[in-house]
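Per-entry structural report
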Amino acid sequence: MNKLFEGEYQFNLASRPNWESGASHRVTLTKYLTGLAGNRQGRLCLLGAGNCNDLDLQRLLQVYSEVHLVDLDESALEYGVQSQKVSDNPRLFLHVREITGAGQALSAYEADSVSPETDLSELIQHYSEPAELDLPGPFDVVCSTCVLSQLILQAVNAVGDTHPQFEQLMIAIRSQHFQTIVGLIDERGAGLVVSDFVSSESAADLKDVPDFQFTQYLSQLLSSRNFFHGVHPGLLFSQLKGNTSLAALVQDVEMLPPWRWDLGARQYAVAAIRFHRRSQY
Ligand SMILES: C[S@@+](CC[C@H](N)C(=O)[O-])C[C@H]1O[C@@H](n2cnc3c(N)ncnc32)[C@H](O)[C@@H]1O
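It should be emphasised that the depicted structure is a prediction, and the values quoted were computed from it without experimental measurement. (Residues numbered from 1 in each chain as written. Predicted model: local features only at pLDDT ≥ 70, side-chain atom pairs only at ≥ 80, totals over all residues. Heavy atoms only, no water.)

1. Examining the side chain of R16
If you trace the backbone, R16 turns up in the loop between helix 1 (3-15) and helix 2 (23-37). The buried charged residue R16 lacks any salt bridge partner; its closest oppositely charged side chain belongs to D73, at an N-O distance of 5.0 Å. One polar contact links R16 to S75, side chain to side chain, over a distance of 3.0 Å. Residues in contact with R16, not counting those within four places in the same chain, are N51, N53, S75, A76 and Y79. (Helix = DSSP H or I, 4+ residues; strand = E, 2+ residues; numbered from the N terminus. Buried < 20%, exposed > 50% of the residue type's maximum accessible area, 1.4 Å probe, protein only. Lys, Arg positive; Asp, Glu negative; His and termini not counted. Salt bridge = Lys/Arg side-chain N within 4 Å of Asp/Glu carboxyl O. Polar contact = N/O pair within 3.5 Å; in protein donor to acceptor, adjacent residues only side chain to side chain. Contact = heavy atoms within 4.5 Å.)

Laid out in C-alpha cells, this is it:
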C-alpha cells in the first residue's frame with residue numbers, strides 16, 4: 001500500500017460526516033459549476049472529487065449531460081455517489097486515477113531518510129511530464145477541487161520542505177496540475193481551479209472573522225506568509241496569466257472572491273480561478 005495515498009484514504013474516511021458543515025462550500029462550488037454549464041448540456045470532469053461532499057451531484061446532473069468524477073480513492077467516490085443517491089445514473093462516471101503519474105515514485109522517498117544531498121532530479125522529471133490519465137476527454141468543463149494542496153502536501157511528507165530542491169519540485173507539481181487541467185478542456189470549454197490555501201490550524205480566527213472583513217483578513221495572512229506551500233492564490237493566478245505557455249491557451253482568467261470551507265474540526269479559506277480555453281482558430 002502506498003503510504004502517501006493511505007493518508008488520503010484516512011483523510012477521506014475522517015471527513016465523510018462533514019456533509020452538513022460543508023453546505024455553504026458545496027452551494028458556492030456547485031453554483032459556479034452550474035454557471036459554467038451554460039445552456040449546452042456539456043460534459044463535466046471533476047478532479048479530486050473524493051467523497052463529493054463539496055458537490056451537489058443531483059444538481060450537476062441536471063445541467064450536464066455527463067459528470068466524470070476522478071480520484072485515487074475508489075471507496076470515497078463510491079461513498080459520494082451512494083450517499084447522494086446517484087450511483088445508478090448512467091450519465092455519471094467514476095474514474096479511479098492517480099492524477100500525477102508520479103505518486104509511486106514520490107512514495108519511494110521517506111522524509112526521515114532524505115538528506116540535502118539526496119538528488120530529486122528524477123522525481124522532478126516525473127512531474128515535468130504530462131500525466132497519462134486515460135480519461136474520455138476533452139470535456140466542456142474541468143474543475144480541480146482542493147486537490148493541488150494535497151499533491152504538494154504529499155511532497156512535503158515524502159521529501160520534507162527544507163530540501164534544497166523542494167521549491168523546484170513544488171513548482172513542477174503545480175505546473176503539471178495546471179497543464180493537466182487545461183489539457184483536458186475542449187476548445188472554448190471552461191476551467192475552475194479551486195484550492196484551499198490556509199486553515200484555522202494556523203489562522204485561528206478564520207471562522208469568526210465577519211464576511212465584510214474576510215478578504216482583508218486573508219490579505220494579512222498572505223502578507224505574513226501564512227498559507228499552504230505553493231498555493232498562494234496570486235501564484236495560482238499567475239500560472240494562467242502573463243507570459244506562460246499555458247496563458248497562451250486560455251482567456252477570461254478571473255480570480256473569484258475567496259470563501260470559507262467548514263470541515264467540522266477545521267475551517268479553510270478557498271480561492272478559485274475561472275477561465276476559458278481559447279479556440280485555436
Ligand atoms: C481535500 S480532498 C477534496 C475534497 C472532496 N472533493 C470532498 O468533498 O470530499 C482531496 C482529494 O484529492 C484526492 N487526491 C489526492 N491526491 C491525489 C492524486 N495524486 N490523484 C488523484 N486524487 C488525489 C484525495 O483522495 C481527496 O479525495
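2. Comments concerning the site of the ligand
Around the ligand sit 23 residues in total, of which D54, D71, E98, I99 and Q154 are the nearest. The contact in question runs from a nitrogen atom of the ligand to an N or O atom on the backbone of I99, over 2.9 Å. Against a free-state accessible area of 590 Å², the protein chains account for coverage of 98% of the ligand. Among the cavities detected, the one that contains the ligand is the largest pocket. Residue assignment for the shell around the ligand shows that the elements contributing at least two residues are helix 1 and helix 7 (148-159). For the shell around the ligand, the residue count by class is nine nonpolar, eight polar and six charged. (Near = heavy atom within 4 Å. Areas by Shrake-Rupley, 256 points an atom, 1.4 Å probe, with all protein chains shown as cover. 1 Å grid on protein atoms, 1.4 Å probe; cavity = no way out; pocket = protein on both sides within 12 Å on 5 of 7 lines; lining within 4 Å. Sits in = over half its atoms within 2 Å of the grid points. Nonpolar A, V, L, I, M, F, W, Y, C, P; charged D, E, K, R; others polar.)

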